[in-house]
Amino acid sequence: MNFLARSVRAVRPVRLVRSYATEAAATGLRLTFAVPHQTIYKDASVAQVNIAAVSGDMGILASHVPSIEQLRPGVIEVLEGASSKKFFVSGGFATMNPDSSLNINAIEAFPVEDFSAETIRHNLAEAQRIATSGATEEEKLAAKIEVEVLESLQAAVNAK
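Cut-offs applied
- Residues numbered from 1 in each chain as written.
- Predicted model: local features only at pLDDT ≥ 70, side-chain atom pairs only at ≥ 80, totals over all residues.
- Heavy atoms only, no water.
- UniProt positions renumbered as here; feature names shortened; annotations may be inferred.
- Helix = DSSP H or I, 4+ residues; strand = E, 2+ residues; numbered from the N terminus.
- Expected span 1.5 Å × (residues − 1).
- Buried < 20%, exposed > 50% of the residue type's maximum accessible area, 1.4 Å probe, protein only.
- Arc of directions from axis to C-beta.
- Contact = heavy atoms within 4.5 Å.
- Salt bridge = Lys/Arg side-chain N within 4 Å of Asp/Glu carboxyl O.
- Pairing = 2+ DSSP bridges.
- pLDDT = per-residue confidence, 0-100.
- Phe/Tyr/Trp six-rings, centres within 6.5 Å; stacked < 30°, edge-to-face > 60°.

As recorded in an unreviewed UniProt entry, the protein goes by ATP synthase subunit delta, mitochondrial and comes from Entomortierella chlamydospora. The record held by UniProt for the protein lists under Subcellular location (unreviewed entry) the comment "Mitochondrion inner membrane".

A. Structural view of helix α2 (residues 117-132). Counted at 1.5 Å a residue, the expected span for α2 with its 16 residues is 22 Å, and the 23 Å between its end C-alpha atoms agrees. Within the span of α2, buried status applies to I120, L124, A127 and A131. Seen from one end, α2 has its buried residues packed into an arc of 70°, which puts them on one side. For α2, the exposed residues lying more than 90 degrees away from the buried face are E118 and H122.

B. View of the side chain of E69. With respect to the helices and strands, E69 occurs in strand β5 (residues 67-71). Contact partners of E69, with chain neighbours within four places excluded, come to I51, A53, S55, M58, G92, F93 and A94.

C. Structural detail: the pattern of salt bridges. The tally for this structure, following the rule as stated, stands at four salt bridges. For R129, the salt bridge identified is with E126, shortest N-O distance 2.5 Å. Residue R129 and its partner E126 are both found in helix α2; the two are separated by three residues, about one turn of the helix. Owing to a relative accessible area of 34%, E126 belongs among the partly exposed residues under this scheme.

D. Highlighting the pairing of strand β9 (residues 101-106). Inspection of the sheet shows strand β1 (residues 29-35) paired to β9 by five bridges, in the parallel sense. Bridge assignment links L31 to a residue of β9, and that residue is L102. The pairing of strand β8 (residues 92-96) with β9 spans five bridges and is antiparallel. Paired with M96 across the bridge in β9 is L102. Hairpin connection from β8 to β9: four residues lie between these consecutive antiparallel strands, with S100 at a positive phi of about 65°.

E. Looking closely at the confidence of the model for the protein. A residue-level look at the protein finds 82% of positions with pLDDT of 70 or above and a mean pLDDT of 83. Here residues 1-11 is modelled with pLDDT under 50, and outside its nearest four sequence neighbours on either side it reaches two contacts, counting other chains as well. Contacts from residues 19-25, a stretch scored under 50 in pLDDT, to residues over four places away or in other chains number 17 contacts.

F. Layout of the packing of aromatic side chains. Enumeration over the complete set of coordinates arrives at four aromatic pairs. For the pair F88 and F115, a centre-to-centre distance of 6.3 Å together with 80° between the ring planes defines the contact as edge-to-face. Taken together, the residues span a long stretch of sequence, with F88 in strand β7 (residues 83-89) and F115 in the loop between β10 (109-111) and α2 at a distance of 27 residues. The class of F88 is buried, set by a relative accessible area of 5%. You can call F115 partly exposed: its relative accessible area is 23%. Ring centres of F110 and F115 lie 6.1 Å apart, and the angle between their planes is 90°; this geometry places the pair in the edge-to-face category. Among the aromatic residues, ring-to-ring pairing joins F33, Y41 and F87 into one connected group.

Right, dumping it as structure tokens:
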């Protein structure tokens, strides 16, 4: 038996329990949403936040199960009562805490309405051309990432 296996057996087993947020604030879901250069929401009371996570799209309400989710390129929708705001993010993390606070840290985030469908189509065509051309492997990989982000952005803009 190797050293690692012997060490694992010597450790007392830990029981993992998944629990629900029971310490929800009376004000509902509290959102802090930030990018490196700006805080978009700071401890704001909101009704619901819909996120595009790697594990799947999800809606988060007050008292949601605590979790940490990696964000994929997609839309973050913040529902503030009767109105909503949509932001396109290129990636990041969302952390839901037991006290009904949600922290979203994104690499980039822009309001969906700031994007032009025509510009996205043009940039997507150029990225697809580079991804399939005789460019270097590094350029092809960068173009494939750009294609993935632009396709997500195009879907978000067309859905608005």
